[in-house]
Amino acid sequence: MTIGVLALQGDFSEHIAILKRLGVSTREVRLSEQLDDLAGLIIPGGESTTIGKLAEDYRLMEPLRQYGREKAIWGTCAGAIFLSRDARRKQPLLGLMDITVERNAFGRQVASFEADLEVPVLAAVDPRERPYHAIFIRAPLIETVSGDAQALAQLEDGRIVAARQGRLLATSFHPELTGDDRFHRYFLHMAGV
Amino acid sequence: MEQQVATLTVKKGLAQMLKGGVIMDVVTPEHARIAEDAGAVAVMALERVPADIRADGGVARMSDPELILKIMDSVSIPVMAKCRIGHFVEAQILEAIGVDYIDESEVLTPADEAHHINKHPFKVPFVCGCRNLGEALRRIGEGAAMIRTKGEAGTGDVVEAVRHARSVLGEIRRLKTLAEEELMAFAKEIGAPYELVVETRDLGRLPAVNFAAGGIATPADAALMMQLGVDGVFVGSGIFKSGDPAKRAAAIVKATTHYNDPYILAEVSRNLGEPMVGRQIASIPEGELIATRGW
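The model shown is predicted, which means the values in this text are computed figures rather than measured ones.

A. The interface of chain A and chain B, seen in detail. Taken together, the contact pairs 42 residues of chain A with 43 residues of chain B. Three residues stand out in chain A for area buried against chain B, namely Arg108(A), Val110(A) and Glu114(A), and they jointly supply 19% of the buried area on that side. Applying the counting criterion to the chain A and chain B interface returns five salt bridges. The shortest N-O distance in the salt bridge between Lys19(B) and Glu14(A) comes to 2.8 Å. Put simply, chain A and chain B have 23 residue pairs in polar contact (both at pLDDT 80 or more) between them. Contributing elements (two or more residues each) for the side of chain A that touches chain B: helix 1 (12-21), helix 2 (48-57), strand 6 (113-117) and strand 7 (132-136) of chain A.

B. Layout of the sheet that holds strand 7 (residues 146-149) of chain B. Residue and element names in this part refer to chain B. Spatially, the eight strands close up into a barrel ordered 2-3-4-5-6-7-8-9, and their pairing is parallel. The mean angle between the axes of side-by-side strands here comes to 30 degrees, regardless of whether they run parallel or antiparallel. Where strand 8 (residues 209-212) lies against strand 9 (residues 232-235), two bridges are found, and the strand directions are parallel. Directly across from Ala-212, in strand 9, lies its bridge partner Val-233. Helix-sheet contacts for helix 1 (residues 8-18) involve strand 2 (22-26), strand 3 (42-45), strand 4 (79-84), strand 5 (101-105), strand 7 and strand 8, and the interaxial angle to strand 5 is about 90 degrees.

C. Looking closely at helix 5 (residues 88-97) of chain B. All names here are of chain B. Listed as buried for helix 5 are Glu-90, Ala-91, Leu-94 and Ile-97. End-on, the buried residues of helix 5 take up no more than an arc of 125 degrees, which puts them together on one face. Considering only its buried residues, helix 5 is in contact with helix 4 (65-74), strand 4, strand 5 and strand 6 (126-130). Trailing helix 5 by a residue or two, Gly-98 shows a phi angle of about 90 degrees, which is positive.

D. Quick look at the layout of surface pockets. Roughly 940 Å³ of internal volume is contained in the largest pocket. Taken together, 36 residues form the lining of the largest pocket, with Ser13(A), Glu14(A), Lys19(B), Arg205(B) and Asp231(B) sitting closest to its centre. At the level of secondary structure, the elements contributing two or more residues to the lining of the largest pocket comprise helix 1 of chain A together with helix 1, helix 7 (159-176), helix 9 (194-203), strand 8 and helix 12 (245-257) of chain B. Tallying contributions element by element places helix 7 of chain B first for the lining of the largest pocket, with four residues. When its residues are assigned to classes, the lining of the largest pocket shows 15 nonpolar, 11 polar and 10 charged.

E. Examining the pattern of salt bridges more closely. Residue and element names in this part refer to chain B. Within the structure shown, the criterion is met by 40 salt bridges over all chains. For Glu-160, the salt bridge goes to Arg-163, with nearest N and O atoms at 2.5 Å. Of the two residues, Glu-160 and Arg-163 are both situated in helix 7; the distance of three residues between them amounts to about one turn of the helix. Take Arg-163: its relative accessible area is 49%, and that puts it in the partly exposed class. The salt bridge partner of Glu-189 is Arg-174, with a shortest N-O separation of 2.8 Å. With Glu-189 in helix 8 (residues 183-190) and Arg-174 in helix 7, the pair connects residues that are 15 residues apart, well separated along the chain.

F. Looking closely at the side chain of Lys150(B). All names here are of chain B. Structurally, Lys-150 is set in the loop between strand 7 and helix 7. Engagement of the side chain of Lys-150 in a polar contact is seen with the backbone oxygen of Ala-291, the distance being 3.1 Å. If sequence neighbours within four positions are ignored, Lys-150 has contacts with Glu-106, Gly-129, Cys-130, Arg-131, Glu-135, His-164, Ala-213, Gly-214, Ala-291, Arg-293 and Gly-294.

G. Region of the structure containing the environment of Ile216(B). Residue and element names in this part refer to chain B. Its location among the elements puts Ile-216 in the loop between strand 8 and helix 10 (219-228). For Ile-216, a relative accessible area of 2% puts it in the buried group. Sequence-wise, Ile-216 and Gly-154 are 62 residues apart; in three dimensions their C-alpha atoms are separated by 9.2 Å. Once residues within four sequence positions are removed from consideration, Ile-216 is found in contact with Val-158, Asp-221, Ala-222, Met-225, Val-233, Phe-234, Val-235 and Gly-238.

H. Broad picture of the packing of aromatic side chains. Per the stated rule, a full pass over the model turns up 11 aromatic pairs over all chains. Feature note: the residues Trp74(A), Phe106(A), Phe113(A), Tyr132(A), Phe136(A), Phe173(A), Phe183(A) and Phe187(A) constitute an aromatic cluster, connected by ring pairs.

I. Structural detail: the sheet that holds strand 7 of chain A. Read from one edge of the open sheet, three strands run 7(A)-6(A)-1(B), paired in antiparallel fashion. Both outer strands of the open sheet, strand 7 of chain A together with strand 1 (4-5) of chain B, are each paired with one neighbouring strand and no more. When strand 6 of chain A meets strand 7 of chain A, the two strands line up antiparallel, connected through five bridges. Paired with Phe113(A) across the strands is Phe136(A), a residue of strand 7 of chain A.

J. Focus on a nonpolar patch on the surface. A cluster of nonpolar residues, Phe88(B), Val89(B) and Ile93(B), forms a patch on the protein surface that exposes about 240 Å² of accessible area. Within the secondary structure layout, Ile93(B) lies in helix 5.

What counts and what doesn't
- Residues numbered from 1 in each chain as written.
- Chains lettered and ligands numbered in written order.
- Predicted model: local features only at pLDDT ≥ 70, side-chain atom pairs only at ≥ 80, totals over all residues.
- Heavy atoms only, no water.
- Contact = heavy atoms within 4.5 Å.
- Buried area = accessible area lost by both parts, 1.4 Å probe.
- Salt bridge = Lys/Arg side-chain N within 4 Å of Asp/Glu carboxyl O.
- Polar contact = N/O pair within 3.5 Å; in protein donor to acceptor, adjacent residues only side chain to side chain.
- Helix = DSSP H or I, 4+ residues; strand = E, 2+ residues; numbered from the N terminus.
- Pairing = 2+ DSSP bridges.
- Axes fitted to C-alpha atoms, helices over the stretch in contact; angles between N-to-C directions.
- Buried < 20%, exposed > 50% of the residue type's maximum accessible area, 1.4 Å probe, protein only.
- Arc of directions from axis to C-beta.
- 1 Å grid on protein atoms, 1.4 Å probe; cavity = no way out; pocket = protein on both sides within 12 Å on 5 of 7 lines; lining within 4 Å.
- Points joined across faces, edges and corners; volume = space filled by probe spheres on them.
- Nonpolar A, V, L, I, M, F, W, Y, C, P; charged D, E, K, R; others polar.
- Phe/Tyr/Trp six-rings, centres within 6.5 Å; stacked < 30°, edge-to-face > 60°.
- Patch = residues over 30% accessible without salt bridge, like charges linked within 9 Å, V, L, I, M, F, W, Y side chains within 5 Å.
- Areas by Shrake-Rupley, 256 points an atom, 1.4 Å probe, with all protein chains shown as cover.

Here it is in structure tokens:
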């Protein structure tokens, strides 16, 4: 069982380091044939415009959409934007999840922040309930969830920062920048690993 | 549930998001849009690219905030801007207008010949240049959240970028072989804070994202730096001083992603038009070298 990490641009090596620590075999994905036989795929943080452009240029858009209709994908930050249906801006999106996002919703870099979140679903992989310390970097906000998509975590003011729809997961923050691997284990659980 | 801003984690975090990407120098909003459309992960907003700063001579200072703000309004990707080495008031101004990263840069004329900016109190993160491991760790010690090897800006000659990357990465390889009791002498030898030397040894890499800069002009140059082991590249004069900037910019982005695939590198290197003319480092008098600025 191998988990792929889209390695077009961004902090893919941080995701790979956590997966390795969890004893999972990994593969960097830059071309469509590298999607074959993966149990799940992570789309990392980075710049969503860059990732989208490279995915288009190397004909990854349709293979990624096809992959996401059958298997598990998790997008963090730029990855969450890429999974969404609408980012209020013209840029390549997979449109796999019934969520709309607002890019850089909190402002520029000086407004990037850390905050504790209540994420009840993490109890599925770790019964010791405690807040999840999340890192937001020029983060997007999940403005709306519709259809089968459900919100998994919200800021204190109710704004949505994590959502799931079937085997698809989106987080506006970066679990790969922390030592807390509960979100990675939750995704592995979703992917059936 | 209190929110914390301006932590070292979020400062370093933005640099981690830029990894595997290309940061491009731009002097107008139109350039910035070309860079964004080509797949740049960020742009460096400035009045003149380094090749012109070299040609013009005189004192090079922080760019007009009006220009930087216009560039910030024109793109959705992060915008960086340069201040002079040691000029903490230029840095305060850049923070006030909301740039995403400050480059305390040797490309501008230094404002202080002994000290760099104390970068810890700033909310905005800093990137700084280095030629070797000691310089990199001194900058991190002062609060830099991202490092770039200096190369020699505005030349289109990659030789100094290679020299500086090999120096930093080679010293880390040597550090990893040292015995515990040899670390303090090593820290003294390279003039770096002991704790950061230990951290670098434990991580097996710099404790900050490390890009290459200074002289990268072709897709092959970018892939060369990536294969040497840097996390991403800055391209300054190399794009907008070339014959077809949009095409060259997109090609360098692709080469940075597919740096290990010679077939893709061959494909993206075809028909790019004229590269920047360039200037051989060996032909530049020592007093005109930019990389020697910084202490």
